[in-house]
2 protein chains.
Amino acid sequence: MKLLTVGLVQHACSADTEANLAKSMAGIRQAAADGAKLVVLQELHRSLYFCQQERLQEFDLAETIPGPTTGLLGDLARELGVVIVASLFEKRAAGLYHNTAVVLDTDGGIAGTYRKMHIPDDPGYYEKFFFTPGDLGFQPIDTAVGRLGVLVCWDQWFPEAARLMAMASAEMLIYPTAIGWDPNDEPTEQARQRDAWVTIQRSHAVANGLPVISVNRVGYEADPCGQGAGAQFWGGSFVAGPQGEILWQSGQEETVATTTLDLSRSESVRRLWPYLRDRRIDHYGDLLKLYRD
Amino acid sequence: MKLLTVGLVQHACSADTEANLAKSMAGIRQAAADGAKLVVLQELHRSLYFCQQERLQEFDLAETIPGPTTGLLGDLARELGVVIVASLFEKRAAGLYHNTAVVLDTDGGIAGTYRKMHIPDDPGYYEKFFFTPGDLGFQPIDTAVGRLGVLVCWDQWFPEAARLMAMASAEMLIYPTAIGWDPNDEPTEQARQRDAWVTIQRSHAVANGLPVISVNRVGYEADPCGQGAGAQFWGGSFVAGPQGEILWQSGQEETVATTTLDLSRSESVRRLWPYLRDRRIDHYGDLLKLYRD
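*Asks:* Just to check I follow, could you spell out the overall build of chain A for this structure?
*Replies:* When helices and strands are tallied, chain A shows seven helices and 15 strands. The C-alpha atoms of chain A give 18 Å as radius of gyration, which agrees with the globular expectation for 293 residues (19 Å, within 12%). Taken along its principal axes, the extent of the C-alpha atoms in chain A is 55 × 50 × 40 Å. Counting the 293 residues in chain A, one finds 62% classified as buried. Nonlocal contacts in chain A, meaning residues at least 24 apart in sequence, comprise 69% of its contacts between residues at least 6 apart.

This is the structure we're talking about:
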């Protein structure tokens, strides 16, 4: 057995970035007190989900990595002896910004960063305006608690991303996320969307024999321009085992939770379901195209 | 709307191959009478699942394509005006056999074949002994009812296969299947396996915005050598829509069912969830490796 207790911090955000970060950090403290050695935060936890409109002033939210937030979280990681997966609006240069996950190790240093590779853009989620698609590829990050396959939100819909992380020996897949409903959608459509979101992420566990940790925000956030209906973030953060089995799942309220994974189970599952043995790489060439036409 | 009524024929098999085929054909007639224009049979529907042991005499079950079964099913397809997806043990040459899906079109001819590309091999499922991995790649098959992304059983665990079919304009994914439980496994393990099987296939619908049709056999089949515990095939054939939503799912009994799909829904779903727009093919190169080491 190779046990790892994982903490998830799911919360609502306001326009007060200091208060949001304080909430995330209080959650990390609570999860660590409950035994977590790895704590995962939601996507862009320091702010409102600012991509509902394309407003230039939102770029003021961006910060460098390393920067003030990684400094605070690094100190906390060292103090508590935990690994933290955070999610920041990265200012790389004036005019060059990324949606970046940063991993703080138990020594307080930055173990690595992952710049979101797949960038969504649809009404209310105008991320292509804010974030340049990542240029670091799909590289897991080594930490004191294992090799982390950190991906971000929209990446969760792409089996290619999960596979590439698994093939690089990631021991788990981690998705900080900000996803919600359009309040004007029918409840049946809302249910299909949330169910699809759980299903696709569980499927990465199944296809790769890896645990999956997904952390989403909660709360209603209004359209800052008052044009759209805003977003009702659906929470539902969860941990799945390497057969895709749900080990823990939250509701729609603010939550700090811990779950214990047995990382050694991945190898037993892969012996039973040896997909890595049987991939037909001699016929996968067209995966490098956009379309086979 | 582009409506298509799909029929699924899920049944048990015995050592009497004539009786099995008669059962499949009766199911096709019933589905057609209920309005189906496309009828999908389970994997290797003409026989017991003969891969529980590596016995040489099982190769006697193989037949050529075209051959007697494609003749009978082609005649039936023409008579009923339906497209049939069948699954045969193909004898290509002495010593060269495949697990092949064959599609009979409404004119009675063979619209195309798909030779199972990913071949499993685990205790009780010794397919690598019987089937050479397919050499036709992942090519959808054009028929009177649309372009079919036909895959077979073990393929269902590989997101790459579904993606390649979607990228080649398949309008739906179809999986004839033979999967069951080891009766000695704990009910919790059995539940995880069946749930993972549904989840991974629904995820292909989600990732690709395509409906999925999966047809499995039912019934208990003993180990012909009396060594193992045999296999309890779990049925559970289902149809999912392009958001992965279950439209219909069977239990563990013999069933002939029809469900109507609206194929035009795929495009609306893909406009909402435009994964094809955002694939990072500039960073997918390592998918053509077995492992990134």
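*Asks:* What should I look at first to understand the nonpolar core in this one?
*Replies:* Looking at soluble globular proteins, one finds that nonpolar side chains tend to be buried together. Among the nonpolar cores identified, the biggest contains 113 residues, and L38(A), I213(A), L38(B) and I213(B) are the most heavily contacted of them. Residue contacts for I213(B): discarding those within four places in its chain leaves V6(B), L8(B), L38(B), V40(B), M172(B), L173(B), I174(B), Y175(B), F238(B), V239(B) and L261(B).

*Asks:* How should unusual backbone geometry be read in this particular structure?
*Replies:* Residue and element names in this part refer to chain A. Omega for the peptide link from I65 to P66 comes to 0°, which places this bond in the cis form. Tracing the backbone shows P66 in the loop between strand 2 (38-41) and helix 2 (68-80). Within the chain, L44 stands out as a residue other than glycine whose phi angle is a positive 50°. Mapped onto the elements of the fold, L44 is located in the loop between strand 2 and helix 2. The class of L44 is buried, set by a relative accessible area of 2%.

*Asks:* Hey, could you run me through the environment of F89(B) in this one?
*Replies:* Residues and elements named next belong to chain B. As for its placement among the helices and strands, F89 is situated in strand 3 (residues 83-93). In this structure, the C-alpha to C-alpha distance between F89 and A144, residues 55 residues apart in sequence, is 25 Å. Once you skip the residues sitting within four places of it in the chain, F89 turns out to touch L44, F50, E58, F59, L61, A62, E63, Y97, H98, F130 and F131.

*Asks:* Whenever I open this one, the relation of the copies chain A and chain B confuses me. Can you help?
*Replies:* Each of the two chain copies goes to the other by way of a rotation about an axis and a shift along it. In the superposition of chain A on chain B (RMSD 0.0 Å, axial shift 0.0 Å), the rotation amounts to 180°. Such a combination of turn and shift is consistent with a two-fold rotation axis. Mapped onto chain B, 100% of the interface residues of chain A are again interface residues, and the two copies thus contact each other with one and the same surface.

*Asks:* It is not clear to me how the interface of chain A and chain B should be interpreted in this structure. Could you clarify?
*Replies:* The extent of an interface is frequently quoted as the accessible surface area lost upon association of the parts. Chain A puts 58 residues into the contact, and the matching count from chain B is 58 residues. Buried area between chain A and chain B, both sides added, is near 5,700 Å², and the carbon and sulfur share of it is 60%. At the boundary of chain A and chain B, one finds eight salt bridges. Of the charged contacts in the structure, one is a salt bridge between R279(B) and E160(A), with a shortest N-O distance of 2.9 Å. Applying the counting rule to chain A against chain B returns 35 residue pairs in polar contact (both at pLDDT 80 or more). Elements represented by at least two residues in the side of chain A that touches chain B include exactly helix 4 (159-167), helix 5 (187-208), helix 6 (265-272) and helix 7 (275-278) of chain A.

*Asks:* So what exactly am I meant to see when it comes to the sheet that holds strand 5 (residues 110-115) of chain B here?
*Replies:* The pairing of strands in a sheet happens through backbone hydrogen bonds and is either parallel or antiparallel. All names here are of chain B. Read from one edge to the other, the open sheet built from six strands follows the order 5-4-3-2-1-15, with strand pairing classed as mixed. Because the sheet does not close on itself, it has two edges, and the strands there are strand 5 and strand 15 (255-262). Across the sheet, the axes of successive neighbouring strands diverge by a mean angle of 30°, strand direction being ignored. The strands touched by helix 1 (residues 17-33) within the sheet are strand 1 (3-10), strand 2 (38-41), strand 3 and strand 15, with strand 1 carrying the most contacts at an inclination of about 150°.

*Asks:* I'm lost on the sheet that holds strand 7 (residues 146-150) of chain B in this one. Help?
*Replies:* Residues and elements named next belong to chain B. In spatial order, the strands read 6-7-8-10-13-14; together these six strands make up an open sheet with mixed pairing. Among the strands making up the open sheet, the edge pair consists of strand 6 (141-143) and strand 14 (246-249). Adjacent strand axes in the sheet meet at a mean angle of 20° when their direction is disregarded. As paired elements, strand 7 and strand 8 (residues 172-177) share three bridges and run parallel to each other. Paired with G149 across the strands is L173, a residue of strand 8. Contacting strand 8, strand 10 (212-216), strand 13 (238-240) and strand 14, helix 5 (residues 187-208) runs over the sheet at an angle of about 150° to strand 10.

*Asks:* Teacher, can you tell me more about the side chain of Q10(B) here?
*Replies:* Following the sequence through the fold, Q10(B) ends up in strand 1. Within the structure, Q10(B) has its side chain in polar contact with the backbone oxygen of E253(B) (distance 2.7 Å).

*Asks:* Looking at this structure, I do not really get the state of the cysteines. What am I missing?
*Replies:* Two cysteines joined by a covalent bond between their sulfur atoms form a disulfide. Residues and elements named next belong to chain B. By the definition in use, this model includes zero disulfides over all chains. Free of any disulfide, C13 has its nearest neighbouring cysteine sulfur in C51, separated by 13 Å. Just so you know, C225 is unpaired, no disulfide at all, and the nearest cysteine sulfur is the one on C51, 13 Å from it.

*Asks:* Quick question: what am I supposed to make of the packing of helix 1 of chain B against helix 2 (residues 68-80) of chain B here?
*Replies:* Residue and element names in this part refer to chain B. Where helix 1 meets helix 2, the closest approach of the two axes is 11 Å, and the angle between their N-to-C directions is 15°. When the interaxial angle is binned, helix 1 and helix 2 end up roughly parallel. Between helix 1 and helix 2 lies a crossing of right-handed hand. Counting all contacts with helix 1, which are made through L21, M25, I28, R29 and A32, the residues of helix 2 involved are T69, L72, L73, L76, E79 and L80. Looking at the contact of helix 1 with helix 2 residue by residue, the classes come out as eight nonpolar, one polar and two charged.

*Asks:* Help me understand the environment of V83(A) in this model?
*Replies:* Structurally, the position occupied by V83(A) is in strand 3 (residues 83-93). Taking the C-alpha atoms as reference, V83(A) lies 9.8 Å from A32(A); in sequence the two are 51 residues apart.

*Asks:* I tried to follow the environment of L104(A) on my own but got confused; where do I start?
*Replies:* Residues and elements named next belong to chain A. Secondary-structure assignment places L104 in strand 4 (residues 96-104). Note: C-alpha distance between L104 and L38 (66 residues apart in sequence) is 9.8 Å. Leaving out residues up to four positions away in the same chain, L104 has contacts with T70, L73, G74, A77, V82, V83, I84, A86, G109 and I110.

*Asks:* Explain the packing of aromatic side chains here, please?
*Replies:* Aromatic ring pairs are reported here in terms of the distance separating the ring centres and the angle at which the planes meet. Residue and element names in this part refer to chain A. This structure, assessed with the given rule, holds 48 aromatic pairs over all chains. When the centroid spacing of 5.2 Å and the interplanar angle of 45° are considered together, the rings of Y49 and Y125 count as tilted. Taken together, the residues Y49 in the loop between strand 2 and helix 2 and Y125 in the loop between strand 5 (110-115) and helix 3 (127-130) connect sequence positions 76 residues apart. You can call Y49 buried: its relative accessible area is 2%. The class for Y125 is buried, based on a relative accessible area of 15%.

Rules and cut-offs
Residues numbered from 1 in each chain as written. Chains lettered and ligands numbered in written order. Predicted model: local features only at pLDDT ≥ 70, side-chain atom pairs only at ≥ 80, totals over all residues. Heavy atoms only, no water. Helix = DSSP H or I, 4+ residues; strand = E, 2+ residues; numbered from the N terminus. Rg over C-alpha atoms; globule rule 2.2 N^0.38 Å. Buried < 20%, exposed > 50% of the residue type's maximum accessible area, 1.4 Å probe, protein only. Contact = heavy atoms within 4.5 Å. Core = buried A, V, L, I, M, F, W, Y, C linked by side-chain atoms within 4.5 Å. Least-squares fit on C-alpha atoms with pLDDT ≥ 70 in both. Buried area = accessible area lost by both parts, 1.4 Å probe. Salt bridge = Lys/Arg side-chain N within 4 Å of Asp/Glu carboxyl O. Polar contact = N/O pair within 3.5 Å; in protein donor to acceptor, adjacent residues only side chain to side chain. Pairing = 2+ DSSP bridges. Axes fitted to C-alpha atoms, helices over the stretch in contact; angles between N-to-C directions. Disulfide = S-S within 2.5 Å. Parallel < 35°, antiparallel > 145°, perpendicular 65-115°, else oblique. Left-handed = near helix turned anticlockwise from the far one by under 90°. Nonpolar A, V, L, I, M, F, W, Y, C, P; charged D, E, K, R; others polar. Phe/Tyr/Trp six-rings, centres within 6.5 Å; stacked < 30°, edge-to-face > 60°.

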